[in-house]
Amino acid sequence: MIFKTLLTSAAVSLAVASYAQAAVQDGTFEGTANGKNGPVTVAVTIKAGKITNVKVVKSGESAMIGDAAIARIPSEIVARQSLRVNNVAGATLSSMAIQAAATNAVKAAGGTPNEFYKAPIKKSASNIDISYKTAVVVVGSGASGMAAAVRSQLNGNPTILIEKMPYLGGDTILNAGTLIATGSRYQRDVMKETKDSPELAYKDIMHVGKNRNDPVLVKMVTEKAGSVVDWLIDDLKIPYGPAATQYPDHSASRQLGVTGRSPNFIRTMARIFTDHGGKILMETRATSLIYKGGRVNGVQAVNADGDKITINAKETILASGGFGAKTEMLPKTLKGYLFYGLDSDAGQGYEMARKLGAQNINMDLVKVYPQGVETVPNHGLAATASSTATVNDTGAIYVNSQGKRIINERASLGELTDIT
């Protein structure tokens, strides 16, 4: 085998100047391009002037998001014999990085990339009508939607889960999969925490939220968290353990993290759901709620092929996520802040509900963290856990531009946000 590597400075540049090159060689060649989270290396096998195999051999792209591009783009390059194929929705930078790396591999083989460029195929809508009838439909596959779908299916209610993206998990797959264990058997028996209580957790949450939280919801969360944790760990066998970093917001040992972070949680829950008969419809975007007789009776949706999907259901659970990517829905006070989330957070669930007269509350109460690192324009990665760990492990302090210490570093994240 022949392996050669080239590096591009940006995955967004796929254009290559047309100039004379030697005929493309047979063999396997490597190319590298920058993706969203760093270099992506692709091996391309060429035989008799044809691309016979494309494989991503190295990638630091986000789990599940990048996985969708890794699973689809290489096979489409081979099928179309083209270095230009349609990007995977929600994984544009990863998709472009794979194509750019494959382009560099072809160049390493002595080929002219232009000869392998074809315009991506534009799919025409099929407009086929497909109908389902079920007990429960869940819109959105993040942690809340996935948990609701699993619980519903295990309770004997035939359930359909729809997800508009080509990967499961929503924003959940970007985090460490933490939750509080207040009142759980695990907290009591394994973490040996005996001083925690729903009342103390309520006090902590209200404090960090500056007492603007909805007290009814906070009370429900703190009183129900223990039974949810027991269900996840004892019944479903989800591999939880104490979180790697305990945030200063909590005055008791109560934070849990799932082994393998949230991608493993989502994969495990999805397997449990489908193993027990649940149905998942991917790349299926809800467009409206079916409203009859004063209640919601399901959803209308459309899939990637343009099929019109009607799901009639006795109960509808709207777990369609946030609206951070739709700047006009955010409070003006967040102008200039980095968004830690996905471009798919467009608030469509809110819009569907509003059309039926639903009222929104607390839309200005957006969680803001004190630390972040900009990775692509206007988007960032949270550095809260690593910053907290650094303070705890090394005694690092926060200073201003004059080198003066500005806060007690063990203050709540809300207080750190305000001072920074």
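Here, the structure is the one placed above.
Residues numbered from 1 in each chain as written. Predicted model: local features only at pLDDT ≥ 70, side-chain atom pairs only at ≥ 80, totals over all residues. Heavy atoms only, no water.

Caption draft 1: Main features of the sheet that holds strand β7 (residues 240–242). If you trace the three strands from one edge of the open sheet to the other, you get β6-β8-β7, paired in antiparallel fashion. Each edge of the open sheet is held by one strand with a lone partner, namely β6 (179–180) and β7. Bridge count between β7 and strand β8 (residues 255–258): three bridges; the pairing is antiparallel. Across the sheet, G241 pairs through a bridge with G257, a residue of β8. (Pairing = 2+ DSSP bridges. Helix = DSSP H or I, 4+ residues; strand = E, 2+ residues; numbered from the N terminus.)

Caption draft 2: Seen up close, the environment of L200. Summarising the element assignment, L200 is placed in helix α5 (residues 198–208). Distance from L200 to N360, taken between C-alpha atoms, is 28 Å for residues 160 residues apart in sequence. Those residues within four positions of L200 in sequence are excluded, and the remaining contacts are K195, S251, A252 and R254. (Contact = heavy atoms within 4.5 Å.)

Caption draft 3: Quick peek at the packing of aromatic side chains. Applying the stated rule across the entire model yields two aromatic pairs. Just above the ring of W231 sits the side chain of R151; from NZ or CZ to the centre is 4.8 Å. Cation over ring: K367 sits above Y369, and NZ or CZ is 5.1 Å from the ring centre. (Phe/Tyr/Trp six-rings, centres within 6.5 Å; stacked < 30°, edge-to-face > 60°. Lys NZ or Arg CZ within 6 Å of the ring centre and 35° of its normal.)

Caption draft 4: Structural view of the pairing of strand β3 (residues 50–58). Here strand β2 (residues 39–47) runs beside β3; their pairing, made up of seven bridges, is antiparallel. When the bridges of β3 are listed, K47 appears paired with K50. Linkage of β2 to β3, two consecutive antiparallel strands, is achieved through a turn of two residues, within which A48 is found at a positive phi near 55 degrees.

Caption draft 5: Seen up close, the packing of α5 against helix α6 (residues 215–235). It is the contact of α5 with α6, at a shortest axis distance of 9 Å, that shows an interaxial angle of 135 degrees. In terms of axis orientation, α5 runs oblique to α6. In the packing of α5 onto α6, the handedness of the crossing is right-handed. Judged by residue contacts, P198, A201, Y202, I205 and M206 of α5 engage P215, V218, K219, T222 and E223 from α6. Split by residue class, the contact of α5 with α6 holds seven nonpolar, one polar and two charged. (Axes fitted to C-alpha atoms, helices over the stretch in contact; angles between N-to-C directions. Parallel < 35°, antiparallel > 145°, perpendicular 65-115°, else oblique. Left-handed = near helix turned anticlockwise from the far one by under 90°. Nonpolar A, V, L, I, M, F, W, Y, C, P; charged D, E, K, R; others polar.)

Caption draft 6: Geometry of α5. Those residues of α5 that sit buried are A201, D204, M206 and V208. Those residues of α5 hidden inside the fold are in contact with α6 and α10 (413–419). (Buried < 20%, exposed > 50% of the residue type's maximum accessible area, 1.4 Å probe, protein only.)

Caption draft 7: Summary view of the nonpolar core. With 61 residues, the main nonpolar core has V42, I238 and M269 as its most contacted residues. Looking at this core, the element that brings in the most residues is helix α2 (residues 92–108), giving eight residues. Beyond its immediate stretch of four places on either side in the chain, I238 contacts L232, I233, V258, F265, T268, M269 and I272. Ranked by size, the runner-up nonpolar core spans 13 residues in total, among them V139, L281, A286 and I309. (Core = buried A, V, L, I, M, F, W, Y, C linked by side-chain atoms within 4.5 Å.)

Caption draft 8: Main features of the pairing of strand β4 (residues 129–139). Relative to strand β12 (residues 308–318), β4 runs parallel, the two sharing ten bridges. By the bridge assignment, K133 is partnered in β12 with N312.

Caption draft 9: Spotlight on the sheet that holds strand β11 (residues 295–303). The six strands are arranged β9-β5-β4-β12-β11-β10 in an open sheet whose pairing can be described as mixed. Edge strands, defined here as strands with exactly one partner in the open sheet, are β9 (279–281) and β10 (284–292). Adjacent strand axes in the sheet meet at a mean angle of 35 degrees when their direction is disregarded. Where strand β5 (residues 159–162) meets β9, three bridges bridge the pair, whose relative direction is parallel. Pairing of L161 across the sheet is with I280, part of β9. Sheet strands touched by helix α3 (residues 143–154): β4, β5 and β12. Its angle to β5, the strand with the most contacts, is close to 165 degrees.

Caption draft 10: Spotlight on a nonpolar patch on the surface. On the surface, L217, M220 and V221 cluster together to form a nonpolar patch covering roughly 260 Å² of accessible area. Within the element layout of this structure, M220 appears in helix α6. Take M220: its relative accessible area is 43%, and that puts it in the partly exposed class. (Patch = residues over 30% accessible without salt bridge, like charges linked within 9 Å, V, L, I, M, F, W, Y side chains within 5 Å. Areas by Shrake-Rupley, 256 points an atom, 1.4 Å probe, with all protein chains shown as cover. Salt bridge = Lys/Arg side-chain N within 4 Å of Asp/Glu carboxyl O.)

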